[in-house]
Amino acid sequence: MKYDIKVTRAETTRIGTVDFSNIPFGRVFSDHMFMADYKDGTWQNFQILPFGPISIHPACMAIHYGQSIFEGMKASRKSDGTPCLFRPEKHATRLNVSAYRMCMPEFPEDLFLEAIHTLVSLDREWIPQDEGSALYIRPFMFANGEFFGVRPSNSYKFVIFTGPVGPYYPKPVSLLAEEKYVRAAMGGAGEAKAAGNYGAALLPAKLAQEQGFDQVLWLDAREFKYAQEVGTMNIFFVIDGKVITPATLGTILKGITRESIIQILRDKGYTVEERRISIDEIVEAFQAGKLQEAFGSGTAAVVSHVERIKYKDLIMQLPPMEDRHIGELAKAEINGMRSGRIPDPYGWLIPVQEEVMVS
Ligand code: COI
């Protein structure tokens, strides 16, 4: 271990209060968290401490001007008990892509990885055993400068906490193709995992929910023509045996699950096209009986099937679940690799290093 991470253990564990057979998403937090501070041009004060509130100044710049980014990744347990991380280095890199776009300092990738290994090792008992569940890991960085003029902050906090989770979408989702609001335009911050992207999506999602849909299917900001993503996940369509997912041309989050699914499906012999796909093409495929599947992908969602999509007055009801072979294959492969049920030919599962220094 290269960095000096000071570890202060919680005096007692809360794990006994958790019902691991019924874990809601996002409400259960493990015993410890990692924190680091950026001050005077450098990252310092690396520590793991009992999970708990962080105090912030009312002029905390992230609250006013939105310099706040995050990642979402998962640890799982193989059937032999080994705790593993799924492609952690990809998340370390993507955090810094977001940091660059939001004018925030880079976080050293080796420190990101060391912090996650140390934290997950300490809280490894919190990793659920069930194949559909995992320990969700939430690294985030925010500007904590105390100033209310608009400029990049001089100080930042980087935090990682974790919590066991079950499926994000326990059922197939329904989507409303959005014709009024946009998520991101070319040149905007859509590719960054920036908190504001999610905040700005809440109103359209709420309006869609009021109409009976689970989420919004975003269309491009210029023509309202090309499918983008769902906001909580990337999107795939299966048309006439071919898998198509919108190309990440600057407005869409470069999902790590998305990338993994593309590779898995190509290696299984499927044609996977990363390109622009218009809502008209989706409608035409539906009307010709060729829209076989649609599914979202993401760390939280893994693979979540889409049951119907509304665009203008047309409701596209997708085929029944028993016909969703491609999405199910992608899900089974990812979950199977994570649980060790099937081999990981890619080296995506990284065993958690067990060495924890407690001071
Ligand atoms: C994830 O998939 O990890 C995300 O960050 C999406 C979030 C909406 C839960």
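Residues numbered from 1 in each chain as written. Predicted model: local features only at pLDDT ≥ 70, side-chain atom pairs only at ≥ 80, totals over all residues. Heavy atoms only, no water.

Caption draft 1: Just the overall build of the protein, in detail. When helices and strands are tallied, the protein shows 8 helices and 17 strands. Dimensions of the protein, computed from C-alpha atoms along their principal axes, come out at roughly 65 × 55 × 35 Å. Looking at the protein as a whole, 53% of its 359 residues are labelled buried. As displayed, the protein offers around 16,000 Å² of accessible surface, 52% of which is attributable to carbon and sulfur atoms. For the protein, the distance from the average site of its 39 positive side-chain charges to the average site of its 44 negative ones is 3 Å. (Helix = DSSP H or I, 4+ residues; strand = E, 2+ residues; numbered from the N terminus. Buried < 20%, exposed > 50% of the residue type's maximum accessible area, 1.4 Å probe, protein only. Areas by Shrake-Rupley, 256 points an atom, 1.4 Å probe, with all protein chains shown as cover. Lys, Arg positive; Asp, Glu negative; His and termini not counted. Charge placed at Lys NZ, Arg CZ, Asp CG, Glu CD.)

Caption draft 2: Main features of the domain arrangement of the protein. Per the domain assignment, the segments making up the protein are domain 1 (6-167) and domain 2 (173-323). Centre-to-centre separation of domain 1 and domain 2, based on C-alpha positions: 27 Å. Counting residues at the interface gives 17 residues for domain 1 and 17 residues for domain 2. Roughly 1,500 Å² is buried in total at the junction of domain 1 and domain 2, and carbon and sulfur atoms are behind 59% of that figure. When the buried area of domain 1 at its contact with domain 2 is split by residue, Phe-70, Arg-94 and Arg-101 rank highest and sum to 37% of it. Viewed at the interface, domain 2 and domain 1 are joined by 2 salt bridges. The partner of Lys-90 in a salt bridge is Glu-259, and the shortest N-O contact between them spans 3.2 Å. For the pair domain 1 and domain 2, the number of links is 12 residue pairs in polar contact (both at pLDDT 80 or more). (Domains from an automatic or database assignment. Contact = heavy atoms within 4.5 Å. Buried area = accessible area lost by both parts, 1.4 Å probe. Salt bridge = Lys/Arg side-chain N within 4 Å of Asp/Glu carboxyl O. Polar contact = N/O pair within 3.5 Å; in protein donor to acceptor, adjacent residues only side chain to side chain.)

Caption draft 3: Broad picture of the nonpolar core. By size, the foremost hydrophobic cluster in this structure holds 52 residues, and its most contacted members are Ile-5, Phe-34, Trp-43, Phe-107, Val-120, Met-141 and Phe-158. Looking at which element gives the most residues to this core, the answer is helix α3 (residues 109-122), with 7 residues. Shared between two domains, this core takes at least three residues from each, and those domains are domain 1 (6-167) and domain 2 (173-323). Setting aside residues no more than four positions away along its own chain, Val-120 makes contact with Ala-75, Leu-85, Ile-127, Leu-135, Ile-137 and Val-352. Listed in part, the 26 residues of the second largest apolar core include Leu-219, Ala-227, Tyr-311 and Met-316. (Core = buried A, V, L, I, M, F, W, Y, C linked by side-chain atoms within 4.5 Å.)

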